[in-house]
Amino acid sequence: MIERKTSVYTIPIGDKFLIYAPLKHMAFIGNEALAKAVGYHLENKKDNSYSKHELIVSLHKTGLFEPDIVKSSRCTDNQQFHPTLCILMPTTACNLSCTYCYAAYKGKKESALKWQVAKKAIDTAYNNSVTFSKRKFALSFHGGGEPTLPQDLFFTASLYAKSLDPDCSISVTTNAVWDKEFRERALNLLSEISISFDGNEATQNHQRPHKSGDGTFLRVMKTIDDIEKRKIPYGIRMTVTKTSLAKLRSNVEFLIDRTSCKSFQVEAVYDQGRAAGAGLKIDDVDAFTEAFLDVYHFARDKGRSVYYSSVRPHLITDTFCTATSDALIVTSAGELTACYEVFDRSHILSDDFITGYIDLKEGIVLYPGKREALLKKISDNRDRCQNCFCYYHCAGDCPPKAFMSHLSNDKFRCLVTQSITREILLDKIMESDGFWQGNIKTNQSSGYRSPKIKSITRNIQSI
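The rules behind the values
Residues numbered from 1 in each chain as written. Predicted model: local features only at pLDDT ≥ 70, side-chain atom pairs only at ≥ 80, totals over all residues. Heavy atoms only, no water. Helix = DSSP H or I, 4+ residues; strand = E, 2+ residues; numbered from the N terminus. Buried < 20%, exposed > 50% of the residue type's maximum accessible area, 1.4 Å probe, protein only. Contact = heavy atoms within 4.5 Å. Areas by Shrake-Rupley, 256 points an atom, 1.4 Å probe, with all protein chains shown as cover. Pairing = 2+ DSSP bridges. Axes fitted to C-alpha atoms, helices over the stretch in contact; angles between N-to-C directions. 1 Å grid on protein atoms, 1.4 Å probe; cavity = no way out; pocket = protein on both sides within 12 Å on 5 of 7 lines; lining within 4 Å. Points joined across faces, edges and corners; volume = space filled by probe spheres on them. Expected span 1.5 Å × (residues − 1). Arc of directions from axis to C-beta.

S.K.: Sorry, what's going on with the overall build of the protein chain here?
M.R.: Within the protein chain, the secondary structure is distributed over 15 helices and 19 strands. Here the protein chain holds 463 residues, and the buried ones make up 54% of them. Counted over contacts in the protein chain with a minimum sequence separation of 6, partners at least 24 positions apart contribute 72%. Total accessible area on the protein chain is roughly 21,200 Å²; 49% of this is exposed by carbon and sulfur atoms.

And the structure:
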């Protein structure tokens, strides 16, 4: 599908406007008259007094008013499903008792993935990489628990995947509370690691204690030290609660000083699971935005990266992630889910996201109509966002988070996405002498590339 329109958003900033064309990666500040003049041209109103103004003429030269041409691969209910990334969720059990655990739902039962089911899933993803796709076969471990707890399955699955494809990438999302023997074996196999780790010793031990009540900080730091010795790529995901928000700067400072980690994902706690009703939810959008931007700039000045999952002004996309198309996510019960956050039937959205199961003979078996209904729901969710300037970046946000937000009428995450994105765009404008024209990165093919210019004018606000 090819979209042809000119998408320009005008966002109030005090008594001025942020004028933003996301598909062309152009942004600048204008007064009300300039915002109005841009609007007239977009509506093809030729009878306006601004048409020959030097600023409007200059904006024409940048291509601002040219139609956008974007080849779109958005979710459709007939989307084919030949995943090459196998994501195993080996267990719902965990060795930690995190204060905010999103996976600690009422009714959750401990379960373990059977090896024969895991093997069939691995075979299916590998065969798809050979038969249907040029994408590489890869294996990953995630969970509604700690995915490395079933150690036998972790190693058996990893070694089997390597036997099929020696170049297979193996990754894990983990709490990294590992003992020495496991670390040595696992780090010989892993290509990439995502570690859930909240900061310095006080914060980590308070928010992410062991089930025994002991602190976990020292064991995670030992794992990180060993990862760095082997130079394995890794990232750190930090969860911020209402009580730890004021400590975010000191926690990021500690991690930058103590580790060589290049990328930190900072997320506000989700009001789900164990966090629900515990007073941990952050309600103040401005306070979170201010704290985030503080560490965002601090990390950037140190040559590191801090990001929020739905803030992506660098990216033009029509899907939040590729889980619905490229990932075979197998729950510990052997069912297929379209998102690892919905890890078993205890989740309120399980009827939407659990779309099938692994059959030992057939491989992927989809429940009739389930996947099609989910893809349509995701598409409908994104359609509601067309008037938002983040529409082409967050693509309607992470589907389960978006659906949960609609159920609870909680707009926090959406407002945070808009707030941080707006501030980052303002940064880019200031750094670009008043007119930002950045590079476009897409996960689709774009038919438009605007000419590079240094600046229109220092007085672009004066029309």
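S.K.: For this particular structure, what's the right way to read the sheet that holds strand 2 (residues 9-13)?
M.R.: Whether parallel or antiparallel, the strands of a sheet pair through hydrogen bonds between backbone atoms. With antiparallel pairing, the 4 strands of this open sheet are ordered in space as 2-3-4-18. Here the strands that pair on one side only, and so sit at the sheet edges, are strand 2 and strand 18 (435-437). The mean inter-strand angle of the sheet, taken between neighbouring strand axes irrespective of direction, is 20°. With 5 bridges joining them, strand 3 (residues 16-21) and strand 4 (residues 26-30) adopt antiparallel strand pairing. When the bridges of strand 4 are listed, Tyr20 appears paired with Ala27.

S.K.: When you look at the pairing of strand 4 in this model, what are you seeing that I'm missing?
M.R.: Side-chain positions along a regular strand alternate between the two faces of the sheet. In terms of burial, strand 4 is largely enclosed, as 5 of its 5 residues are buried. Taking every second residue as pointing to the same face, both faces of strand 4 are buried, with Met26, Phe28 and Gly30 on one and Ala27 and Ile29 on the other. With 3 bridges connecting them, strand 4 and strand 18 associate as antiparallel partners. Bridge assignment links Ala27 to a residue of strand 18, and that residue is Trp436.

S.K.: Explanation requested: the pairing of strand 6 (residues 85-88) in the structure shown.
M.R.: Taken together, the 4 bridges between strand 6 and strand 7 (residues 138-141) define a ladder with parallel strand orientation. From the neighbouring strand, Leu85 faces strand 7, where its bridge partner is Ala138. Inspection of the sheet shows strand 6 paired to strand 14 (residues 327-330) by 4 bridges, in the parallel sense. Along strand 14, the bridge assignment pairs Cys86 with Leu328.

S.K.: What's the story with the layout of surface pockets in this structure? I'm lost.
M.R.: Empty space among the atoms becomes apparent when a probe as large as a water molecule is rolled across them. In this structure, the second largest pocket occupies an estimated 460 Å³ of space. The element best represented in the lining of the second largest pocket is helix 15 (residues 412-431), accounting for 5 residues.

S.K.: Would you mind going over helix 15 with me for this structure?
M.R.: Compared with an ideal rise of 1.5 Å per residue, which puts 20 residues at 28 Å, helix 15 spans 29 Å between its outermost C-alpha atoms and is within 8% of the ideal. Turning to helix 15, its buried residues number three or more, namely Phe412, Arg413, Val416, Thr417, Ser419, Ile420, Thr421, Ile424, Leu425, Leu426, Asp427 and Ile429. Following helix 15 by one or two positions, Asp433 adopts a phi angle in the positive range, close to 60°.

S.K.: I tried to follow helix 2 (residues 54-62) on my own but got confused; where do I start?
M.R.: In an α-helix, one turn spans 3.6 residues, which is why side chains three or four residues apart end up on the same side. All of the buried residues along helix 2 are Leu55, Ile56, Leu59 and Thr62. For helix 2, the buried positions fall inside an angular range of 110° around the axis, keeping them on one side. In this structure, helix 2 carries Glu54 and Lys61 as exposed residues pointing more than 90 degrees from its buried face. Tucked inside the fold, the buried residues of helix 2 contact strand 4, helix 1 (32-42) and strand 18. Immediately beyond the C-terminal end of helix 2, within one or two residues, lies Gly63, with a positive phi of roughly 90°.

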